[in-house]
Amino acid sequence: MSRLPRRDTGPELAARRLLHAAGYRYRVCFPVPGAPRRSIDVAFTRSKVAVFIDGCFWHGCPEHGEVPMANNAWWAAKLAKNAVRDRATNEQLLADGWTVLRFWEHTGAEEVLSRTIAVLRSREMLATAPIICLDEDTRSYRSGNQAPRTIDSHQLML
């Protein structure tokens, strides 16, 4: 397991190349705030958008993820812990105001690109055009923003 790549996998590189070619700049392996041993695959820090490209085996893809036959109980527990850790990471990022995008490694890089750009554009529009609401107590206006959300495109069993 220690020899397997943790970053710069083929699907991650393909998605990053398309994002960069589209003119977007991002951070790679950006540490999750408050969780120093966890990292975001592709982080847009200004927009607070976190993109994860999860491996089918390690994160339990319902289509391609399989538990090995040898030492089955240990692997089942290990993969279940990975899913729990993913949920905790999502919750932590949401609490900090991030939008979380999760994709399976078999998702096409073009789909990752289009969904990520759509979220980035919506986050940018929220930042530049605040929602105005009337505060009845003081009769003044104040700005508000849309609550952060998780977009789980591969429908993890969370």
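Residues numbered from 1 in each chain as written. Predicted model: local features only at pLDDT ≥ 70, side-chain atom pairs only at ≥ 80, totals over all residues. Heavy atoms only, no water.

## Here's the deal with the overall build of the protein chain
Then comes step 1: A count of helical and extended segments in the protein chain gives four helices and seven strands.
Then comes step 2: Listed N to C, the secondary structure of the protein chain is α-β-β-β-α-α-β-α-β-β-β in terms of helices and strands.
Then comes step 3: Taking all 158 residues of the protein chain together, the buried fraction comes to 33%.
Then comes step 4: A separation of at least 24 residues holds for 60% of the contacts in the protein chain among residues at least 6 apart in sequence.
Then comes step 5: As displayed, the protein chain has an accessible area near 9900 Å², and 52% of this comes from carbon and sulfur atoms. (Helix = DSSP H or I, 4+ residues; strand = E, 2+ residues; numbered from the N terminus. Buried < 20%, exposed > 50% of the residue type's maximum accessible area, 1.4 Å probe, protein only. Contact = heavy atoms within 4.5 Å. Areas by Shrake-Rupley, 256 points an atom, 1.4 Å probe, with all protein chains shown as cover.)

## Digging into the packing of aromatic side chains
Then comes step 1: Per the counting criterion, the structure on display carries seven aromatic pairs.
Then comes step 2: With 4.9 Å between their ring centres and 80 degrees between their planes, Phe-57 and Trp-58 make a pair best called edge-to-face.
Then comes step 3: For Trp-58, a relative accessible area of 25% puts it in the partly exposed group.
Then comes step 4: Grouping aromatic residues by their ring pairs yields a cluster made of Phe-57, Trp-58, Trp-74 and Trp-75.
Then comes step 5: For the cation-ring pair, Arg-102 lies above Phe-52, with the distance from its terminal atom to the ring centre recorded as 4.1 Å. (Phe/Tyr/Trp six-rings, centres within 6.5 Å; stacked < 30°, edge-to-face > 60°. Lys NZ or Arg CZ within 6 Å of the ring centre and 35° of its normal.)

## Digging into the environment of Ile-40
Then comes step 1: Relative to the helices and strands, Ile-40 resides in strand β2 (residues 35-44).
Then comes step 2: By relative accessible area, which is 0% here, Ile-40 ends up buried.
Then comes step 3: Each C-alpha atom of the pair Ile-40 and Leu-93 lies 9.8 Å from the other, and the pair is 53 residues apart in sequence.
Then comes step 4: Setting aside residues up to four positions removed in sequence, Ile-40 forms contacts with Val-28, Cys-29, Phe-30, Val-32, Ala-50, Val-51, Phe-52, Leu-93 and Trp-98.

## Side note on the pairing of strand β3 (residues 49-54)
Then comes step 1: Burial runs high along β3: six of the six residues are buried.
Then comes step 2: Side-chain alternation along β3 places Val-49, Val-51 and Ile-53 on one buried face and Ala-50, Phe-52 and Asp-54 on a second face that is also buried.
Then comes step 3: In this structure, the hairpin formed by β2 and β3 is closed by a connection of four residues, where Lys-48 is found at a positive phi of approximately 55 degrees.
Then comes step 4: As paired strands, β3 and strand β4 (residues 99-104) are joined by six bridges and run parallel to one another. Considered in β4, the bridge of Asp-54 is made with Trp-104. (Pairing = 2+ DSSP bridges.)

## Re the side chain of Ser-47
Then comes step 1: Within the secondary structure layout, Ser-47 lies in the loop between β2 and β3.
Then comes step 2: Look at Ser-47 and you get buried, because its relative accessible area is 15%.
Then comes step 3: What Ser-47 contacts, discounting residues up to four positions off in sequence, is Leu-120, Arg-123 and Glu-124.

Keep in mind that these numbers describe shape and distance, not what the molecule does.
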